[in-house]
Amino acid sequence: MEIIRTVAWMKQVASEARRAERLLGLVPTMGALHEGHLSLVREAQRECSPVVVSIFVNPKQFGPSEDFQKYPRTFDADRAVLENLRVDYLFAPPPEEIYPAGFRTSVNVEGLSDRLEGRSRPGHFRGVTTVVLKLLEIVQPRFAFFGRKDAQQARIIRQMARDLDLGAEIAVCPIVREADGLAMSSRNAYLSADERRAATVLSKSLQRARKKIEAGETDVVSLIAAVRGVIEKEPGVVLDYAELVDADSLEPAMTLRKPAYILLAAKVGATRLIDNALIEPLGDSLRVTI
Ligand code: AMP
């Protein structure tokens, strides 16, 4: 695996791969890699060669009171894991390569970026889309791989790729969970033992919704009430939002006749976690994917 630290060298390597008509795949990450990230890498390797994994803790997507400074950085372990998987290139630029002095430009996907996570974390998605646009321009992959764990993010990035004719296809991969259902996240490392136990209510609340849907419930208000009910019973968890939204517009859904997400965010102690379930009409029934 070659470790690439500069934008110029990454562009050079990527353009050579494209000239050789190879199918470039990109997996953007902020490091502290876990099985969720690795599932994206494996999917990329099934579809593409060569595969570029990027590790960049993007300062622009953290708010002033958020965890940029203490975000876990485990570069040596990440590198070893990616070597083991036989990843071709690890793009790990220092901040000044991505944001040189005098950097002034940002990109924003209007509307989709203002709701849900965007409302709780002003500027977050502007930071995400700006760095992802840069990565997609530098590498110009045929496919870029994202996790459904961050469903709103994936929806926004797909919109940006379409609106700006970026040429990369945005692949969205399933959520990888711990054995007890907790969605894997680099931020899970912040949780104390008690918080770690409490955090399972997020996926439990989604399972409750799935059970209700499987039993025939289609009323959006009672489904969300059920989700809230499960989370509110756990005193260590403070719900930020639980919404059932149209999977395309991310606006509140009134029915389950089109694909929808239950999106949730909650604070477990000082740690903010998100999770979601996808609900899709399938003939006469509904498929719920957690
Ligand atoms: P991050 O390093 O948190 O920015 O995540 C990098 C990519 O990995 C994003 O596309 C995430 O959606 C994805 N990802 C993070 N956690 C998971 C998970 N548990 N399952 C699937 N994908 C994930």
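Our structure's up above, just so we're on the same page.
The notes below deal with the structure included here. (Residues numbered from 1 in each chain as written. Predicted model: local features only at pLDDT ≥ 70, side-chain atom pairs only at ≥ 80, totals over all residues. Heavy atoms only, no water.)

## Topic: the packing of helix α9 (residues 200-214) against helix α10 (residues 220-232)
Put simply, the rule reads: To obtain each axis, a line is fitted to C-alpha atoms, and for helices this fit is confined to the stretch in contact; angles are then taken between N-to-C directions over 0 to 180 degrees. Runs of H or I in DSSP of at least four residues are treated as helices and runs of E of at least two as strands, each being numbered from the N terminus. By convention, the crossing between two helices is left-handed when the near helix turns anticlockwise from the far helix through less than a right angle, and right-handed when the turn is clockwise. We call two residues in contact when some of their heavy atoms are within 4.5 Å.
Two numbers describe how α9 lies on α10: the axes approach to 8 Å, and their chain directions differ by 145°. The handedness of the crossing between α9 and α10 is right-handed. In this structure, α9 contributes Val201, Lys204, Ser205, Arg208, Ala209, Lys212 and Ile213 to the contact, and α10 contributes Ser222, Leu223, Ala226, Val227, Val230 and Ile231.

## Quick look at the sheet that holds strand β10 (residues 285-289)
Stated formally: Each pair of strands is called paired provided DSSP finds at least two bridges between the two strands.
Judged by pairing direction, the sheet is antiparallel, and its four strands sit side by side in the order β7-β8-β9-β10 without closing on themselves. Of all strands in the sheet, those bounded by a partner on one side alone are β7 (237-246) and β10. On average, adjacent strands in this sheet sit at an angle of 15° to one another, irrespective of strand direction. Both strand β8 (residues 260-268) and strand β9 (residues 271-282) contribute to a ladder of nine bridges, which runs antiparallel. The partner of alanine 260 across the bridge, within β9, is isoleucine 279. Each of β7, β8, β9 and β10 is contacted by α9, which is oriented at about 15° to β9, the strand it contacts most. Contacts between α10 and the sheet are confined to β7 and β8, with β7 contributing the most and set at about 160° to the helix.

## Notes on the environment of valine 53
Position of valine 53 relative to the elements: it lies in strand β3 (residues 51-55). In this structure, the C-alpha to C-alpha distance between valine 53 and arginine 142, residues 89 residues apart in sequence, is 14 Å. Excluding residues within four positions of it along the chain, valine 53 makes contact with Val27, Thr29, Val41, Leu82, Val87, Tyr89, Leu90 and Phe91.

## Describing the site of the ligand
Just so we agree on the cut-off: Throughout this document, a residue counts as near a molecule or strand when at least one of its heavy atoms sits within 4 Å of that molecule or strand. What qualifies as a polar contact is a pair of N or O atoms within 3.5 Å, subject to a donor-acceptor requirement within protein and to the restriction that residues adjacent in sequence count only when both atoms come from side chains. Note on areas: these come from Shrake-Rupley sampling with a 1.4 Å probe, and a residue is covered only by the protein chains present in the view. Under the scheme applied, nonpolar residues are Ala, Val, Leu, Ile, Met, Phe, Trp, Tyr, Cys and Pro; charged residues are Asp, Glu, Lys and Arg; polar residues are all the others, including Gly.
By nearness alone, 17 residues border the ligand, and His37, Gly147, Asp150, Val176 and Met184 come closest of all. Between valine 176 and the ligand, the recorded distance is 2.9 Å, taken from a backbone N or O atom to a nitrogen atom. Within the complex, 92% of the 480 Å² of free accessible area of the ligand lies under protein. Contributing elements (two or more residues each) for the shell around the ligand: β2 (25-29), α2 (35-47) and β5 (143-147). Sort the elements by how many residues they give to the shell around the ligand and α2 lands first, with three residues. A breakdown of the residues in the shell around the ligand according to their chemical character gives nine nonpolar, six polar and two charged.

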